[in-house]
Amino acid sequence: MAERENLNRIISGCRNGDAESFSQLIDMYAGRCYGYFYRVTGNRTVSDDLLGELFVKLVEKIGSFKGDSFESWLFKVVSNIFHDYLRAKHRQSQFLETQKSRMQSQVSEPERCDGDEIDKLQLQLNKLDADTRDVIMLRYYSQASFREIAQMRSELIGTTLSKVHRGLKKLRELMEG
Amino acid sequence: MAMENQANENIEKLFGEFLSEEDSRRAAENVQKGERILREHPAPAPAGELLADINSKVVKALAAKGAKTRRLIACKVAAVAAVVIILIVISVKFSGKGPAVQTPVTLEPIQRAVWESDGVSVDRTELALLRDEIEHVEGEILTLRLGENGGNGGGEFVEIEMELTDIGSNFWKG
């Protein structure tokens, strides 16, 4: 309850343009949002850029938060940023058709700076399609319910359940294989 | 309606809306095991430098937003002031309570005969007639002074006055 009040106070400060409140918001959510970006892109540099883009965008967008579930709202913005990135990457790869294969490998290969276990998970995650990776990571990092995830992604709950179930089952098989 | 969160949602029951009891139990188990793998392999945390950089970007964005908001407010105030001024002008104009509209000061119209005359000769004729009239009046006055009219001075004065008035009006009428 106190945590909820604290979050409301921080959001209110952010809406009023208070830099300190934004700093607290970054402290609270940067880790989870970064985890999502890293897991869906597999690239630290891209994740760094997307995290920066997220919080700068929040300065403009925080006023549009209607006061329901902040985490659902936040992760909808997070997911939109990832999809914008995917679209931009797609346009870029179309434009630079001659370098297509090189660019794809750049995007999908994880960095080698993490521990072996993390690399292993990332390698297996990269074998899933981008949409399945997105929905699994959205659920894991936003900590939202299936109903909230379905709402965020504007899809039926049955579709969300099916994608998460199939994706996690395949991931487990890959990790155990 | 408050939405259930991840902590209190019943996954098996959710799957049960689409699958058989056995399948929904297995699906829920698969999800839980998969999510356990994710928990066991945490993603890297953002670097401290990155967070510091983001904080400074946010401060800049806030400053830019503040300036933009101030400009927007100034524009709105200017627009409202303009509307108020226009409304005041319109209300003053149509209520008639404001200062009287000044009509332009013009000179008396120039006598039509003089204005429409196309030559000095016409004007001279007019002047000649006026001079004759004046001479006639002077003669009348002289007659009165000399008493040539048989002592009927009062009636003569009225006649002269009427004649003067007539001359004046004829002259200005052209």
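1. Observations regarding the overall build of chain B
Working step 1: On a plain count of helices and strands, chain B comes out with six helices and zero strands.
Working step 2: When the helices and strands of chain B are read in sequence order from the N terminus, they spell out α-α-α-α-α-α.
Working step 3: For chain B, with 174 residues in total, the buried portion stands at 8%.
Working step 4: Looking at chain B alone, contacts between residues at least 24 apart form 30% of all its contacts between residues at least 6 apart.

2. Remarks on the nonpolar core
Working step 1: Cys33, Tyr36, Phe37, Leu51 and Leu138 of chain A are the most contacted members of the largest nonpolar core, which totals 51 residues.
Working step 2: The leading source of residues in this core is helix H2 (residues 19-41) of chain A, at ten residues.
Working step 3: Setting aside chain neighbours within four positions, we find Leu51 of chain A in contact with Ala30, Cys33, Tyr34 and Phe37 of chain A together with Pro46, Leu50 and Ile54 of chain B.

3. Structural notes on the packing of helix H7 (residues 130-142) of chain A against helix H9 (residues 157-176) of chain A
How two helices pack is summed up by the angle between their axes together with the distance between the axes.
All names here are of chain A.
Working step 1: Running from amino to carboxyl end, H7 crosses H9 at an angle of 100°, the nearest separation of the two axes being 9 Å. The orientation of H7 relative to H9 falls into the category roughly perpendicular. Residue-level contacts link Thr132, Val135, Ile136 and Arg139 of H7 to Thr160, Lys163, Val164, Gly167 and Leu168 of H9.
Working step 2: Across the contact of H7 with H9, the residue classes tally to four nonpolar, three polar and two charged.

4. Quick look at the interface of chain B and chain A
Working step 1: Listed per partner, the contact involves 33 residues of chain B and 40 residues of chain A.
Working step 2: Taken together, the elements giving at least two residues each to the side of chain B that touches chain A come down to helix H1 (11-16), helix H2 (21-40) and helix H3 (48-95) of chain B.
Working step 3: For the side of chain B that touches chain A, the leading source of residues is H3 of chain B, giving twelve residues.

5. Focus: unusual backbone geometry
All names here are of chain A.
Working step 1: In this structure, Gln143 takes a positive phi of about 60° despite not being glycine.
Working step 2: Here Gln143 lies in the loop between H7 and helix H8 (146-152).
Working step 3: Positive phi, normally seen in glycine, also occurs at Ser154, with a value near 50°.
Working step 4: On the secondary structure map, Ser154 appears in the loop between H8 and H9.
Working step 5: Ser154 sits in the exposed class, given 7 other C-beta atoms within 10 Å.

6. Points about the packing of helix H3 (residues 44-61) of chain A against H3 of chain B
Working step 1: Interaxial distance between H3 of chain A and H3 of chain B falls to 9 Å at its minimum, and their mutual angle equals 30°. With respect to H3 of chain B, the element H3 of chain A is oriented roughly parallel. For the pair H3 of chain A and H3 of chain B, the sense of crossing is right-handed. Residues Asp48, Leu51, Gly52, Phe55, Val56, Val59 and Glu60 of chain A of H3 of chain A form the contact with H3 of chain B, whose own contacting residues are Leu50, Asp53, Ile54, Lys57, Val58, Ala61, Leu62 and Lys65 of chain B.

7. Comments concerning the environment of Phe37 of chain A
Residue and element names in this part refer to chain A.
Working step 1: Topologically, Phe37 is positioned in helix H2.
Working step 2: Residue classification places Phe37 among the buried positions, given that 28 C-beta atoms sit within 10 Å.
Working step 3: Leaving out residues up to four positions away in the same chain, Phe37 has contacts with Ser47, Leu50, Leu51 and Phe82.

8. Examining H3 of chain A
Working step 1: A rise of 1.5 Å per residue sets the reference length of H3 of chain A, with its 18 residues, at 26 Å; its end C-alpha atoms lie 25 Å apart and thus fit the reference within 8%.
Working step 2: Where H3 of chain A is buried, its residues touch H2 and helix H4 (70-95) of chain A together with H3 of chain B.

9. What about H2 of chain B?
Working step 1: A rise of 1.5 Å per residue sets the reference length of H2 of chain B, with its 20 residues, at 28 Å; its end C-alpha atoms lie 29 Å apart and thus fit the reference within 8%.
Working step 2: Among the residues of H2 of chain B, those classed as buried are Ala27, Ala28, Asn30, Val31, Gly34 and Leu38 of chain B. The buried residues of H2 of chain B occupy one face: seen down the axis, they fall within an arc of 155°. Looking at H2 of chain B, the residues exposed on the side facing more than 90 degrees away from the buried face are Glu21, Glu22, Gln32, Arg36, Arg39 and Glu40 of chain B.
Working step 3: Here the buried face of H2 of chain B lies against H7 and H9 of chain A together with H1 of chain B.

What counts as what
- Residues numbered from 1 in each chain as written.
- Chains lettered and ligands numbered in written order.
- Predicted model: local features only at pLDDT ≥ 70, side-chain atom pairs only at ≥ 80, totals over all residues.
- Helix = DSSP H or I, 4+ residues; strand = E, 2+ residues; numbered from the N terminus.
- Buried ≥ 20, exposed ≤ 12 C-beta atoms within 10 Å, placed from the backbone.
- Contact = placed C-beta atoms within 7 Å.
- Core = buried A, V, L, I, M, F, W, Y, C linked by C-beta atoms within 7 Å.
- Axes fitted to C-alpha atoms, helices over the stretch in contact; angles between N-to-C directions.
- Parallel < 35°, antiparallel > 145°, perpendicular 65-115°, else oblique.
- Nonpolar A, V, L, I, M, F, W, Y, C, P; charged D, E, K, R; others polar.
- Left-handed = near helix turned anticlockwise from the far one by under 90°.
- Expected span 1.5 Å × (residues − 1).
- Arc of directions from axis to C-beta.

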